[in-house]
Amino acid sequence: VQLQASGGGLVQAGGSLRLSCAASGKTSSINAIGWYRQAPGKQRELVADVSSGGSTNYVDSVKGRFTIPRDNAKNTVYLQMNSLKPEDAAVYYCNAMLVVTSGYLEVWGQGTLVTVSS
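Residues numbered from 1 in each chain as written. Predicted model: local features only at pLDDT ≥ 70, side-chain atom pairs only at ≥ 80, totals over all residues. Heavy atoms only, no water.

**Quick notes on the nonpolar core**
Among the nonpolar cores identified, the biggest contains 30 residues, and Ile33, Trp35, Leu79, Met81 and Tyr92 are the most heavily contacted of them. Secondary structure elements with two or more residues in this core: β1 (2–6), β3 (17–24), β4 (30–38), β5 (45–51), β9 (76–81), β10 (90–100) and β11 (103–117). Broken down by element, the residue count for this core peaks at five residues, all from β10. Setting aside anything within four residues of it in sequence, one finds isoleucine 33 in contact with Leu3, Cys21, Asp49, Val50, Ile68, Val77, Cys94, Asn95 and Ala96. (Core = buried A, V, L, I, M, F, W, Y, C linked by side-chain atoms within 4.5 Å. Buried < 20%, exposed > 50% of the residue type's maximum accessible area, 1.4 Å probe, protein only. Helix = DSSP H or I, 4+ residues; strand = E, 2+ residues; numbered from the N terminus. Contact = heavy atoms within 4.5 Å.)

**Notes on the packing of aromatic side chains**
Applying the stated rule across the entire model yields two aromatic pairs. Geometrically, the ring pair formed by tyrosine 36 and tryptophan 108 is edge-to-face, given 5.0 Å between the ring centres and 65 degrees between the ring planes. With tyrosine 36 in strand β4 and tryptophan 108 in strand β11, this pair connects stretches of sequence that are 72 residues apart. Ring geometry for tyrosine 93 and tryptophan 108: centres 6.3 Å apart, planes at 90 degrees, overall edge-to-face. In this pair, tyrosine 93 is assigned in strand β10 and tryptophan 108 in strand β11, connecting sequence segments 15 residues apart. One aromatic cluster is present, built from ring pairs that chain together Tyr36, Tyr93 and Trp108. (Phe/Tyr/Trp six-rings, centres within 6.5 Å; stacked < 30°, edge-to-face > 60°.)

Taken by themselves, the reported measurements are silent on function.
Encoded structure:
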């Protein structure tokens, strides 16, 4: 499975941005897919993910502001970010957990930079 992330950019605080993560390859092996972010000097953290069954999970700091819709026909998951805050600025990474014969395999897409101006 390969992941192609896009959609980062510069936005003012309070604005919105939508990130896209397109999966290709053996997408049927994806158990969960989501987004992480890493700000300068900070550890990478899970922002949101969605399981193959449709269950979603969000970090507390984005609940009520971010959603993670998906388009199964396009093998694409999005991160809709509303009411952005300067503290949301980071490099965002798409991540997928695959089910393989030996267990699980984690796959990362390239990062996409989100900058939020105050």
